[in-house]
Amino acid sequence: MQRTKIIDTPKFIGQTVKLAGWVHIRRDHGKLIFVDLRDHSGIIQTVIIPDHVEAHDNAKRLRSEFVIEMEGLVKERPLSARNEKSPTGSVEMEVVSIKILNESKALPFELNKDTKAVNEELRLKYRYLDLRSERMHENMIMRSKVVKFFRDFLATQDFMEIETPILGKSTAEGSRDYVVPSRIYKGKFYALPQSPQQYKQLLMAAGMERYFQVAKCFRDEDTRGDRQPEFTQLDMEMSFVEQEDVMNVVEEMLINLVQTLYPEKKIQSLPFPRITYKDAMEKYGNDRPDIREDKNDPNLLAFCWVIDFPFFEKDEESSTGWTFTHNPFSRPKPEYMDDLMKKENIGDILTTQYDIVLNGFEIGGGSIRNHQPEALRKVLEIMGIPEEKIQRDYGHMLKAFEFGAPPHGGIAPGIDRIVMILQGEPNIREVIAFSKTGEAEDPMMSAPSELDENQLTEAGIKIIKKKKKLV
Ligand code: ASP
């Protein structure tokens, strides 16, 4: 007999079906044993009566999270016994046979209620169990739907999904890189991408015109609350566009996303309000303002754009005293292009950067880029990067722009944050299947971990152990 999905059981009233899944809850009333059986699609109440001797004996052995296969008759429940809250609440299954496919040890925490209250490190250690709980399971389903929505939407807008390398080159992009030693070229290292920024711009130079990628980004930042060493962006780049064009595509995509997957939610204002950096700082004291009119309403989504950021800010460590605020590849607003080229009024130059903010969280940012090599070079010079380093870290970009790179710009909405807010979760770890702790550890796999001596030798790495102080 073919297996039936639990969610489909109400279609089989009066018929015998085969189900498979996990024992969610077992209630032993002596004669009658009730088992709530759970699979990916749902939960159904089943009943095992003593008449079916073997099934009844097996049912006595069942414990939470045993994996079983059951055959039985789907029966309509009397009106008084229906559970309106459950999609299978109008039926129950009278079990004829039970096959135990695998047993489960006693669980480290209960899965048939919300695991929010359980110690998070324990949840992460047993993440494969945590993900069986209803809320986490739902978070994964919705995340998958959100990503699919983005892919489908962007395909209708002529975007192409292109993968870019994970093993790349270290480029000074603002954060610290994760580095990977090269075995073949001892003493040399790859860097994991902080974002595919340079590759996506090179794809524009390659004539791809509209690119996107569900991109993993890696940043070795000091662990601060809600950061993860790796996170996922919907990375996008478009050719022959202005600021408005990129903002419009993203705005339309987000509105459609909410209307399609979260129809119960209300977007506070359409089109999304635009706030200048200056106004945001004056009015809200930060550049990711929470403009919700009612902060108690979990279904209210207050999107806004923040624009007109200063391009440069003071930096004591820079030889010129300046560094970029967001992205060295950004282009200034057209009216400041002259100042950039003359390296004048540096503190007044505004960039084309646009950040998208939702309920007080920055959920993405992007800009129009400098596609002419002279303009990019001016930015790097203002930042005081020595010629040698310009050539080493940015030479490939400057060169690529010498061969007819089109004007282009992009953005990268953060998938983890978007799903977190839409799912009403307090942090991104709740919407990442195998998240690390706030301290960048994976307690399930025990990562990071030490390497075998021969792996170190192959990679040409010597560990310098700190000598313990003798007291
Ligand atoms: N690369 C930028 C970031 O990761 C986004 C962009 O400008 O497209 O924040």
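Check the entry above for the structure.
Residues numbered from 1 in each chain as written. Predicted model: local features only at pLDDT ≥ 70, side-chain atom pairs only at ≥ 80, totals over all residues. Heavy atoms only, no water.

**Here's the deal with the pairing of strand S17 (residues 354-358)**
Burial runs high along S17: five of the five residues are buried. Here S17 shows two buried faces, one formed by Tyr354, Ile356 and Leu358 and the other by Asp355 and Val357. Pairing geometry for strand S14 (residues 303-307) and S17, over four bridges, is antiparallel. Pairing of valine 306 across the sheet is with aspartate 355, part of S17. One ladder, built from five bridges, connects S17 with strand S18 (residues 361-368); its direction is antiparallel. Within S18, the position partnered with leucine 358 by the bridge is phenylalanine 361. Linking two consecutive strands that pair antiparallel, namely S17 and S18, is a turn of two residues; a positive phi of about 45° is found at asparagine 359 within it. (Buried < 20%, exposed > 50% of the residue type's maximum accessible area, 1.4 Å probe, protein only. Helix = DSSP H or I, 4+ residues; strand = E, 2+ residues; numbered from the N terminus. Pairing = 2+ DSSP bridges.)

**Some details on the layout of surface pockets**
Of the pockets and cavities examined, the largest pocket occupies roughly 1400 Å³. Around the largest pocket, the lining is made up of 44 residues, and of these Arg219, Glu221, Arg227, Gln233 and Glu362 lie nearest the centre. Looking at the lining of the largest pocket, the elements that each hand over two or more residues are helix H5 (197-205), strand S10 (230-239), strand S15 (312-314), strand S16 (322-324), S18, strand S19 (408-413) and helix H11 (415-422). The element contributing the most residues to the lining of the largest pocket is S18, with six residues. Tallied by class, the residues present in the lining of the largest pocket amount to nine nonpolar, 17 polar and 18 charged. (1 Å grid on protein atoms, 1.4 Å probe; cavity = no way out; pocket = protein on both sides within 12 Å on 5 of 7 lines; lining within 4 Å. Points joined across faces, edges and corners; volume = space filled by probe spheres on them. Nonpolar A, V, L, I, M, F, W, Y, C, P; charged D, E, K, R; others polar.)

**Some remarks on helix H4 (residues 134-156)**
Between its first and last C-alpha, H4 extends 33 Å over 23 residues, near the 33 Å set by a 1.5 Å rise per residue. Where H4 is concerned, the buried positions are Arg135, Met136, Asn139, Met142, Arg143, Val146, Val147, Phe149, Phe150, Phe153 and Leu154. The elements touched by buried residues of H4 are helix H2 (120-125), helix H3 (127-130), strand S9 (210-218), S10, helix H6 (243-261) and H11. Backbone geometry just downstream of H4 places aspartate 158 in the positive-phi region, at approximately 70°. (Expected span 1.5 Å × (residues − 1). Contact = heavy atoms within 4.5 Å.)

**Examining the site of the ligand**
Taken together, Ser195, Gln197, Lys200, Arg219, Gln233, Asn327, Gly365, Gly366, Arg369, Gly410, Ile411 and Ala412 make up the full set of residues near the ligand. In this structure, a nitrogen atom belonging to the ligand sits 2.7 Å away from a side-chain N or O atom of glutamine 197. For the ligand, whose unbound accessible area comes to 270 Å², protein coverage reaches 83%. Taking a 2 Å distance to the grid points as the criterion, the majority of the atoms of the ligand fall inside the largest pocket. Residue assignment for the shell around the ligand shows that the elements contributing at least two residues are H5, S18 and S19. Of all the elements, S19 adds the most residues to the shell around the ligand, at three residues. Residues of the shell around the ligand, tallied by class, amount to two nonpolar, seven polar and three charged. (Near = heavy atom within 4 Å. Polar contact = N/O pair within 3.5 Å; in protein donor to acceptor, adjacent residues only side chain to side chain. Areas by Shrake-Rupley, 256 points an atom, 1.4 Å probe, with all protein chains shown as cover. Sits in = over half its atoms within 2 Å of the grid points.)

**Let's talk about the environment of phenylalanine 272**
You can see phenylalanine 272 is positioned in the loop between strand S11 (266-267) and strand S12 (274-276). By relative accessible area, phenylalanine 272 is classed as buried at 3%. Each C-alpha atom, one on phenylalanine 272 and one on alanine 205, is 31 Å from the other, the two residues being 67 residues apart in sequence. If near-sequence neighbours (up to four positions away) are discounted, phenylalanine 272 is found in contact with Glu251, Leu254, Ile255, Ile267, Phe303, Cys304, Trp305 and Ile356.

**Description of the sheet that holds strand S1 (residues 16-29)**
As summarised here, the arrangement of the five strands in space is S1-S2-S3-S5-S4, forming a closed barrel in which the pairing is mixed. Adjacent strand axes in the sheet meet at a mean angle of 50° when their direction is disregarded. Bridge analysis of S1 against strand S2 (residues 32-39) gives seven bridges, and the strand direction is antiparallel. Residue pairing for S2: arginine 26 is matched across the bridge by valine 35. (Axes fitted to C-alpha atoms, helices over the stretch in contact; angles between N-to-C directions.)

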